[in-house]
Amino acid sequence: MKQIVWAFFMMGVLNNNIQETLPTQTQPSLRQNLEEFLHDEAEENLKNFDSQQWLDETLDKVIDVHYIEETVVVNLHMQMLNYGGGSAMEIELARKIMEVVFENTMAQKITILVDGQVVIFPEGSNFKEVTRQTYEKYYKEEEV
């Protein structure tokens, strides 16, 4: 048995440094906590965003959030597109989501989906891959 353990150790399968293995074991739960936090914050920021035809107030406006490497993917409910039009409303909707993500994470990109699909919003915006730099230059509100 010692020979098998030694062989795995020499091949790099086993690691004698427990500190190196801890982050990978705890990483999923940390990521899950962050995703839940971002979901709740985005939901809170959008609660006053009244969609004209929001059929069920018990439904979340944010379906889910995933943090994958340097990108956060926010998946909105399809009814979020029923805001009645207007580019200002469309930009405000996206800005609120971007603010939650970029002000609370080190993510470099955000993708905003609707019912799991990349869509072109009614006024022509596409939030498939918005970078932190784009957010700071065009969407971030100026501090007074």
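Above: the structure in question.
Right, let's walk through the structure included here. (Residues numbered from 1 in each chain as written. Predicted model: local features only at pLDDT ≥ 70, side-chain atom pairs only at ≥ 80, totals over all residues. Heavy atoms only, no water.)

### Points about the overall build of the protein chain
What the protein chain contains, in helices and strands, is 4 helices and 4 strands. Listed N to C, the secondary structure of the protein chain is α-α-β-β-α-β-β-α in terms of helices and strands. Once local pairs closer than 6 in sequence are excluded, the contacts in the protein chain between residues at least 24 apart make up 59%. As displayed, the protein chain has an accessible area near 9,600 Å², and 51% of this comes from carbon and sulfur atoms. (Helix = DSSP H or I, 4+ residues; strand = E, 2+ residues; numbered from the N terminus. Contact = heavy atoms within 4.5 Å. Areas by Shrake-Rupley, 256 points an atom, 1.4 Å probe, with all protein chains shown as cover.)

### Thoughts on helix α4 (residues 132–139)
Burial in α4 covers these residues: Arg132, Tyr135 and Tyr139. All buried residues of α4 project into a common sector of 85 degrees when viewed along the axis, lining one side. Facing away from the buried side of α4 by more than 90 degrees, the exposed set consists of Gln133, Lys137 and Tyr138. Where α4 is buried, its residues meet α3 (87–104) and β4 (130–131). (Buried < 20%, exposed > 50% of the residue type's maximum accessible area, 1.4 Å probe, protein only. Arc of directions from axis to C-beta.)

What is shown is where atoms sit, not what they do.
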